[in-house]
Amino acid sequence: MPSVSESSNGVTHHFTVDVEESFHASALESFVDRADWETLPSRVEGAVRQLVDLLAEHRTRATFFVLGWLAERRPQMVRDLAAQGHEIASHGLDHKRVTQMGAEEFRLSVRDSKRQLEDVSGQAVLGYRAPSFSIVRGGEWALDVLVEEGYVYDSSLYPVRRPGYGFAGGHRDPHLIQTAAGPLHEFPPTTLRAGPAILPVGGGAYFRHLPFGFVGSGLEAAQRRGAPGTFYIHPWELDRDQPHIDVPFLTRMRHYGHIDRTVPRLRRLLSRFRFQPIAATLERGGPAADSVGLSAAPSVGSGKAARS
Ligand SMILES: [Zn+2]
């Protein structure tokens, strides 16, 4: 296998973590009552520690998109992440999907979570990722709000066509969006072109369920385009001993299936590719990508974004 430096084409990808409890996860949201959150067992800290140790083994820093709900209840975890050199960013206040919020509720979610995370971590929060990648076509107003609330980048537009989420036809590599409120850097999760289809291979359940080669191929194709890919994982995906909630078969597979693969696959991924926090790419002047307005974003099948 070629070493990282031989094969990377000078590209350093982004390793990102959506920090939430397993009961916050989208697959389980319709089976868990929000009123029960306070009484369910909290397991996030152990899993985050495991993830941080894995990253340390590979001398890798990452971006952690943390819920405001956790900044309030687990401030020491957030402080420790920041102290270890990781980037703290926002995953919103309480994992409510953007598609279920009006503009004012969304504004409070991104404003309050940013303030809480900054107070706790002592770091400026630059980035946001929507719960369940829920900034969809028609929801572009949310990007304006992010700029108005002081965010520099977003990582919510998953350029795939999926039920319930996805920004189908979106630009696949990092790019600058000219919103009505000003510019916003966008870092889409990694995808892979397969014939006419654009597959989500950026992480999460896809990382556990698809063959490892899909994620590797997605990152390699991004490297060939000279663009960093963005990988994501959740702490609960490392937690083999999490208590199981009684849910239907498909939900059980999606959420709990192949949890045992996560850690060995992460080791493989971290050995093969070079990663850094998204803020580190921005510090170096941002990705080399065209500035595009949303309406003018190249559709799949044309232009630079369509290659490989
Ligand atoms: Zn989430």
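To keep things clear, this report deals only with the structure shown in the data block. Bear in mind that the values here come from a model prediction, so they are computed numbers and not experimental data.

Calculation notes
- Residues numbered from 1 in each chain as written.
- Predicted model: local features only at pLDDT ≥ 70, side-chain atom pairs only at ≥ 80, totals over all residues.
- Helix = DSSP H or I, 4+ residues; strand = E, 2+ residues; numbered from the N terminus.
- Rg over C-alpha atoms; globule rule 2.2 N^0.38 Å.
- Buried ≥ 20, exposed ≤ 12 C-beta atoms within 10 Å, placed from the backbone.
- Pairing = 2+ DSSP bridges.
- Axes fitted to C-alpha atoms, helices over the stretch in contact; angles between N-to-C directions.
- Parallel < 35°, antiparallel > 145°, perpendicular 65-115°, else oblique.
- Left-handed = near helix turned anticlockwise from the far one by under 90°.
- Contact = placed C-beta atoms within 7 Å.
- Core = buried A, V, L, I, M, F, W, Y, C linked by C-beta atoms within 7 Å.

**Concerning the overall build of the chain**
When helices and strands are counted, the chain shows eleven helices and twelve strands. Relative to a compact globule of 308 residues, whose C-alpha radius of gyration would be 19 Å, the chain shows 18 Å and is just as compact. Each of the three principal axes of the chain carries a C-alpha extent, and together these read 50 × 45 × 40 Å. Buried residues in the chain amount to 45% of all 308 residues.

**A few points about unusual backbone geometry**
Positioned with a positive phi, Asn9 is a non-glycine residue whose angle comes to about 60 degrees. By the element assignment, Asn9 lies in the loop between helix H1 (4-7) and strand S1 (13-19). Taking the C-beta count within 10 Å as the criterion, Asn9 has 12 such neighbours and is therefore assigned exposed. Non-glycine residue His95 carries a positive phi angle of around 65 degrees. Among the secondary structure elements, His95 is positioned in the loop between strand S3 (87-90) and helix H5 (103-121).

**Side note on the pairing of strand S8 (residues 191-194)**
In this structure, S8 lies alongside strand S9 (residues 197-200), joined through four bridges in antiparallel fashion. By the bridge assignment, Leu192 is partnered in S9 with Leu199. Linkage of S8 to S9, two consecutive antiparallel strands, is achieved through a turn of two residues, within which Gly195 is found at a positive phi near 65 degrees.

**A closer look at the packing of H5 against helix H6 (residues 141-148)**
Following both chains from N to C, one finds H5 and H6 inclined at 40 degrees, their axes separated by 10 Å at the closest point. In terms of orientation, H5 lies oblique with respect to H6. Crossing of H5 over H6 shows right-handed handedness. Residues Ala103, Phe106, Arg107 and Val110 of H5 form the contact with H6, whose participating residues are Trp141, Ala142, Val145 and Leu146.

**A closer look at the nonpolar core**
Core analysis: the biggest nonpolar cluster contains 69 residues, and Val19, Phe64, Val66, Val78, Ile88, Ile135 and Leu146 have the highest contact counts within it. Considering every element that reaches this core, the biggest residue donor is helix H2 (residues 44-57), with five residues. Sequence-distant contacts of Phe64, defined by excluding residues within four places in its chain, comprise Val17, Val19, Leu81, His86, Glu87, Ile88 and Ala89.

**Things to note about the environment of Pro174**
Tracing the sequence through the fold places Pro174 in the loop between strand S5 (153-154) and strand S6 (175-179). Under the C-beta neighbour-count criterion, Pro174 is labelled buried, with 24 such atoms within 10 Å. On a C-alpha basis, the gap between Pro174 and Ser26 in space is 25 Å, while along the polypeptide they are 148 residues apart.

**Here's the deal with the packing of helix H4 (residues 75-83) against H5**
It is the contact of H4 with H5, at a shortest axis distance of 8 Å, that shows an interaxial angle of 65 degrees. Comparing the axis directions of H4 and H5 gives the class roughly perpendicular. Crossing angle aside, the handedness with which H4 passes H5 is right-handed. On H5, the residues touching Pro75, Val78, Arg79 and Ala82 of H4 are Leu117, Val120 and Ser121.

Function cannot be read off these values alone, since they describe shape.
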